[in-house]
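# Descriptive structure summary
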Amino acid sequence: MRHYTALALTSLLLAACGQAPSSEPELRWLKGNTHTHTLWSDGDAAPEQVAAWYAENGYQFLVLSDHNIYQDHERWFPVAEDGVGRLKPSEVDLLITRFGADKVELRGEAGGREMRLRTLTELKAEVERAPEGGAGGFLLLPGEEVTSSFEGRPVHINAVNIDGVLPALQRASIVELMSDTLRSIEEAGAASGRPVFGHLNHPNFGWGVTWEEVAAVKEERFFEVYNGHRSTRNHGDSEHPSTEEIWDRALSRRLSGPDGASLLYGVATDDAHHYHGNLTSPTGRGWVMVRAGSLDRDAVTDAMNRGDFYASSGVVLEELEVTGDRYRLRVKADGDASFRIRFIGTRQLDGVTGPVGEELMAFSGNEAEYRFSGDELYVRAQITSTRLHPRPYLEGDHEMAWTQPARPSLR
Ligand SMILES: [Zn+2]
Ligand SMILES: [Zn+2]
């Protein structure tokens with residue numbers, strides 16, 4: 001597994017220097033959300049409305065990850081003429097005003113109308129735009145929230161950059177279910193010839209997945225350290241670890257094992273369902289910043305697979321450089337906000353693992369550097385702004401960012 005780590009670090013170093021092999025385009029940061037719902041499953045807005053929100057609010061890519069569905073077929077959604085369903089007549093009128101009558105297909109008589117949901121192909125044609133002068137642009141990445149459970153415990157895994165629906169599986173344990181679902185995503189990628197990835201969603205939702213299970217599934221390479229839906233228990237409780245604690249515990253167990261194991265990357269997402277003022281899971285709470293050479297589905301997916309991204313609920317980085325011997329970052333200034341930068345990791349000396357997820361170093365200010373001593377199993381950074389999140393997951397949450405764990409080259 002040393003090999004894997006070296007590769008990841010090399011690519012991060014290349015990326016950090018803003019250089020790439022001469023045939024490659026220059027790398028830039030792309031803002032994206034990989035977890036969103038629409039009327040295709042349990043979201044409360046039409047897919048074109050959801051995509052338009054992200055396209056108009058500074059994002060460069062979006063995954064419409066509806067539950068166990070791929071938006072590729074004919075689907076008619078009932079209009080709630082009595083005003084109590086998810087597609088109200090007033091919403092239909094707004095869609096017509098905004099997107100044009102020719103884009104809103106209705107059938108049926110007054111009192112029993114249905115609206116056809118736009119397919120991914122139609123949406124891509126309508127909302128995607130190329131970057132101008134190397135900036136901006138908007139892209140829809142195909143995806144699905146593969147939604148299953150074991151003995152009432154939810155296991156939700158987002159499959160990204162797939163070309164068709166993947167079935168929800170049933171297995172005899174959480175570990176088997178996660179492992180086989182993630183394998184099915186990899187197999188879909190092998191079949192299509194495209195890079196893909198799966199991320200485990202909200203492990204604490206319904207106390208679905210424990211940190212031991214996250215640690216045990218070697219195919220599990222991405223998980224949601226932050227999910228904007230208020231049912232997902234990011235902070236854990238007195239009996240359950242927070243998502244950050246799950247991250248540290250799982251990394252420490254994996255990386256201290258005799259066979260080594262892959263790193264675990266953290267993503268932040270909206271898991272948006274609500275687009276009309278309900279604050280349970282609105283847009284704009286959490287996202288990823290991905291460093292890629294082009295705004296292209298495979299390039300974005302490749303960058304995620306390299307670990308060249310960070311998770312954010314508001315904090316933006318200007319610089320992020322991770323090499324085999326140091327971890328350096330600079331936070332983008334944000335008015336009068338100040339920042340606490342903490343390097344977190346677990347050390348191992350003479351085969352003995354130290355405290356899990358300890359604070360190795362902390363700085364107040366806009367930039368920080370951590371030099372590896374060589375005894376770290378991994379190091380990651382957590383940045384907290386003094387600015388309160390404007391539409392928080394939990395009242396009192398501050399804007400934050402989480403960068404990916406890295407291993408020292410000396411190990
Ligand atoms: Zn879910
Ligand atoms: Zn979801």
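Counting from 1, residues in each chain are numbered in the order their sequence is written. Following the order in which they are written, the chains are lettered starting with A and the ligands numbered starting with 1. Local features in this predicted model are restricted to residues whose pLDDT is 70 or higher, and side-chain atom pairs enter the listing and the counts only when it is 80 or higher, whereas totals over whole chains, interfaces and linings include all residues.

## Overview of the overall build of the chain
Let me state the cut-off plainly: In this text, helices come from DSSP runs of H or I with a minimum length of four residues, and strands from runs of E with a minimum of two, each type numbered from the N-terminal end. Note that the radius of gyration is over C-alpha atoms, with the globule rule given as 2.2 Å times the number of residues to the power 0.38. Using C-beta atoms placed from the backbone, we call a residue buried if 20 or more other C-beta atoms fall within 10 Å of its own, exposed if 12 or fewer do, and partly exposed for counts in between. Contact criterion: two residues are in contact if their C-beta atoms, reconstructed from the backbone, are within 7 Å.
The helix and strand tally for the chain stands at eight helices and 21 strands. Taking 2.2 N^0.38 as the reference for a compact globule, 411 residues should give roughly 22 Å; the C-alpha atoms of the chain span a radius of gyration of 21 Å, in line with that estimate. In the chain, buried positions account for 46% of the 411 residues. Considering only contacts within the chain whose residues lie at least 6 apart along the sequence, 66% involve residues at least 24 apart.

## Let's talk about the sheet that holds strand S3 (residues 76–78)
Threshold: One bridge is not enough; two strands pair if DSSP finds at least two bridges between them.
Read across the sheet, three strands follow the order S3-S5-S4 without closing on themselves; strand pairing throughout is antiparallel. Bordering the open sheet on either side are S3 and strand S4 (106–107), each of which pairs with just one other strand. In terms of strand pairing, S4 meets strand S5 (residues 114–116) through two bridges, oriented antiparallel. Within S5, the residue paired with arginine 107 across the bridge is glutamate 114.

## Side note on unusual backbone geometry
If you check the backbone angles, tryptophan 207 has positive phi at about 45° while not being a glycine. Mapping tryptophan 207 onto the fold places it in the loop between strand S9 (197–200) and helix H6 (211–216).

## Comments concerning the domain arrangement of the chain
Filter applied, for reference: All domain edges in this entry derive from an automatic or database-based domain assignment. Amino acids outside the nonpolar list (Ala, Val, Leu, Ile, Met, Phe, Trp, Tyr, Cys, Pro) and the charged list (Asp, Glu, Lys, Arg) are all regarded as polar, and Gly is one of them.
What the domain assignment lists for the chain is domain 1 (2–75 + 117–402) and domain 2 (76–116). For domain 1 versus domain 2, the separation of C-alpha centres amounts to 34 Å. Taken together, the contacts link eight residues of domain 1 with seven residues of domain 2. When its residues are assigned to classes, the side of domain 1 that touches domain 2 shows three nonpolar, one polar and four charged.

## Comments concerning the nonpolar core
Rules: A set of buried residues qualifies as a nonpolar core if it consists of Ala, Val, Leu, Ile, Met, Phe, Trp, Tyr and Cys joined through C-beta atoms within 7 Å.
If you look at the biggest cluster of nonpolar residues, it comprises 96 residues, and the most contacted ones within it are Ala51, Met178, Val214, Val288, Val290 and Ala311. A total of seven residues in this core trace back to one element, the largest contributor, which is helix H5 (residues 174–192). When near neighbours in sequence (up to four residues on either side) are disregarded, valine 290 contacts Leu30, Gly32, Val300, Ala303, Met304, Asp308 and Phe309.

## Regarding the environment of threonine 386
Within the secondary structure, threonine 386 sits in strand S20 (residues 376–388). Setting aside residues no more than four positions away along its own chain, threonine 386 makes contact with Ala337, Ser338 and His398.

## As for helix H8 (residues 297–306)
For H8, every residue scored as buried is listed here: Arg297, Val300, Thr301, Ala303, Met304 and Arg306. Looking one or two places after H8, you find glycine 307, whose phi comes out positive at around 80°.

## Things to note about the sheet that holds strand S14 (residues 317–322)
Note the following rule: Under this scheme, a helix contributes an axis fitted over its contacting stretch, all axes are lines through C-alpha atoms, and angles between N-to-C directions fall in the 0 to 180 degree range.
What the three strands build is an open sheet, ordered S14-S15-S19; its pairing is antiparallel. Of all strands in the sheet, those with a lone pairing partner are S14 and strand S19 (367–371), marking the two edges. The average angle at which neighbouring strand axes cross in this sheet is 5°, direction not considered. As defined by bridge partners, S14 adjoins strand S15 (residues 326–331) across five bridges and the pair is classed as antiparallel. Across the sheet, the residue bridging to valine 322 is tyrosine 327, located in S15.

## Structural notes on the pairing of S19
Residue alternation in S19 divides its side chains into a buried set, Ala368 and Tyr370, and an unburied set, Glu367, Glu369 and Arg371. Pairing of S15 with S19 involves five bridges; the strand directions are antiparallel. Bridge pairing links arginine 326 to arginine 371 in S19.

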